[in-house]
Amino acid sequence: MNEVKNPVLQIDKLCVSYGKVEALSNASITVGEGQIVTVIGPNGAGKTTMLSAIMGVLGSAGRVSFDGTIEAVPEVERMVARGMNLVPEKRELFGEMSIEDNLELGAFQRYRMGHRDQARTMNEVFELFPRLKERRTQLAGTLSGGERQMLAVGRALMAKPRLLMLDEPSLGLAPLIVREIFRIVAELRRRGVSILLVEQNARAALQVADYAYVLETGQIAMQGPAHALADDPRVIEAYLGLGGKHQAMLST
Amino acid sequence: MEAIRIIMDEHQSLAAIIHAIRLMIREVGVGRLAPDFKLFKAMVHYLDAYPEKRHHPKEDQFLFGPLKARTTEGADALARLEAEHGLAEARIQALDAALQGYADGAPDGFEAFTDAFETYANFYRNHMLLEEREILPLLKRHFTADDWARADAGCQATPDPMSGTRTPDGDEDFRRLFSRLVAATPAPLGLGGGPYKDD
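Caption draft 1: Structural view of the overall build of chain B. A count of helices and strands for chain B gives seven helices and zero strands. Helices and strands appear in chain B in the N-to-C order α-α-α-α-α-α-α. For 199 residues, the compact-globule formula gives about 16 Å, and the C-alpha radius of gyration of chain B, at 18 Å, lands near that figure. Taken over 199 residues, chain B has a buried fraction of 33%. Across chain B, every contact between residues at least 6 apart in sequence was considered, and the portion connecting residues at least 24 apart equals 70%.

Caption draft 2: Structural view of the interface of chain B and chain A. At the interface, 24 residues of chain B touch 17 residues of chain A. Looking at the side of chain B that touches chain A, the elements that each hand over two or more residues are α1 (2-29) and α7 (174-184) of chain B. Considering every element that reaches the side of chain B that touches chain A, the biggest residue donor is α1(B), with 10 residues. For the side of chain B that touches chain A, a count of residues per class yields 13 nonpolar, nine polar and two charged.

Caption draft 3: Representation of the packing of helix α2 (residues 37-70) of chain B against helix α4 (residues 88-103) of chain B within the structure. Residue and element names in this part refer to chain B. Interhelical geometry of α2 versus α4 gives an angle of 175° and a closest axis separation of 11 Å. Compared by their axis directions, α2 and α4 come out roughly antiparallel. Residues F37, F40, K41, V44, L47, D48, E52 and H56 of α2 form the contact with α4, whose own contacting residues are A88, I92, L95, D96, L99 and A103. Class assignment of the residues belonging to the contact of α2 with α4 gives a composition of nine nonpolar, one polar and four charged.

Caption draft 4: Looking closely at α7(B). Burial analysis of α7(B) places eight of its 11 residues in the buried class, which makes it a mostly covered element. For α7(B), the set of buried residues is F174(B), F178(B), S179(B), R180(B), L181(B), V182(B), A183(B) and A184(B). Contact partners of the buried residues in α7(B): α6 (130-134) and α8 (175-190) of chain A together with α1 and α2 of chain B.

Caption draft 5: Structural view of the sheet that holds strand β9 (residues 211-216) of chain A. Residues and elements named next belong to chain A. Spatial strand order, β6-β7-β8-β3-β9-β10: six strands in an open sheet with mixed pairing. Of all the strands in the sheet, the pair left with one neighbour each is β6 (84-87) and β10 (219-225). Going across the sheet, the axis of each strand differs from the next one's by a mean of 15°, ignoring polarity. As judged from the four bridges shared by β6 and strand β7 (residues 163-167), these two strands associate in the parallel manner. Each residue of the ladder has a partner; that of M84, found in β7, is L163. Contacting β3 (36-40), β7 and β8 (194-199), α8 crosses the sheet at an angle of about 155° to β8.

Caption draft 6: How the structure looks around the sheet that holds strand β4 (residues 61-66) of chain A. Residues and elements named next belong to chain A. The sheet built from four strands is open, its strands ordered β2-β1-β4-β5 with antiparallel pairing. Looking along the sheet, the strands with just one partner apiece sit at the ends: β2 (21-32) and β5 (69-71). With strand direction ignored, the average angle separating the axes of adjacent strands in the sheet is 20°. The pairing of strand β1 (residues 7-18) with β2 spans eight bridges and is classified as antiparallel. Bridge assignment links Y18 to a residue of β2, and that residue is V21.

Rules of the game
Residues numbered from 1 in each chain as written. Chains lettered and ligands numbered in written order. Predicted model: local features only at pLDDT ≥ 70, side-chain atom pairs only at ≥ 80, totals over all residues. Helix = DSSP H or I, 4+ residues; strand = E, 2+ residues; numbered from the N terminus. Rg over C-alpha atoms; globule rule 2.2 N^0.38 Å. Buried ≥ 20, exposed ≤ 12 C-beta atoms within 10 Å, placed from the backbone. Contact = placed C-beta atoms within 7 Å. Nonpolar A, V, L, I, M, F, W, Y, C, P; charged D, E, K, R; others polar. Axes fitted to C-alpha atoms, helices over the stretch in contact; angles between N-to-C directions. Parallel < 35°, antiparallel > 145°, perpendicular 65-115°, else oblique. Pairing = 2+ DSSP bridges.

It is worth stressing that arrangement in space is one thing and function is another; only the former is reported here.
Structure, rendered in structure tokens:
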């Protein structure tokens, strides 16, 4: 169990079904304040489904408690208003808009709630991602893959989230950029951002995370402090490059 | 075992730089990319300044040395690693000289740099594999709690590029250097903001 003093997110027995197929079964996870918690697992394990259900994009059964309040039925607009933010796998940027405009859109919810600090927040984002500042007037559609990922994270940060959820931030990126993205994820933790990180790149995720869950065929198969999981022979065999028989190993 | 996390983290940074250089060389070789000599030099400087001059001494002092004092297991591997660490200067000089020759327009300069880099990259692949597959498991088996406390403290005292290494005495900022390398490396390997510019 991830025992933390101040849980930002607690999900309990979360279930998601697509028709008769149960994609997520009784998944329970906790993210503590200022923690990086990672969910690793192979393609199709239910990782993105889990994030979508937590956000309220997908219907689910079970319990989601965010920042001390139980959400019987999570609704995406309410979750965003309460400070939950998801950086989706496909980045979902507005390609015909500039970097700056994409970032400003990230602050829209806060603006609507009366906050007028978006200029300062944008400077903080530019401090983290100097490359975005250099290209601030460029259209998002002209960005490289790494720049797009940085813009997607930057846009999420414009909302000053209580919980940042990252769906496969390393997907499709070269090792050099992956290193930079994970360095920035670590930097965000130092700044107090709580992070739920869903990743297939188990090595990078376990290096940076405090606590980890292994999701297999819709179920939490293992959990523990990230350094302990990184040292577990079953995880090493299945996810850290010494083999590919993850299902068999995890069932032992 | 924070020490192991830091060491493996640094291996990932080193592997990422080597991967980028290898693919840039390949692109230059087939004519799809013009060589950015300043970027190559900055990357070689990173390899020298961080892995060779900071990472290895940390391994020797806080991990491999104490392991040798605990057990004779892995003695051959440790001796090999120690010898390889001792050849750091010669290793980087060979790479540096080949790059300089290429930048100066030496005949066969590109081929010589490619060969020197491949030698360097192959060496590091084997070196890191030996450390991770043979020595790190031995550390986990033989280190006492006190050994780990000393290793963790030692490795944290000279932090890895992930957390930045700027110190009050003006030491080099490897976090910033790494970010600048990523920014200047051509996409999709990096962010595509080149050519690399000196500070």
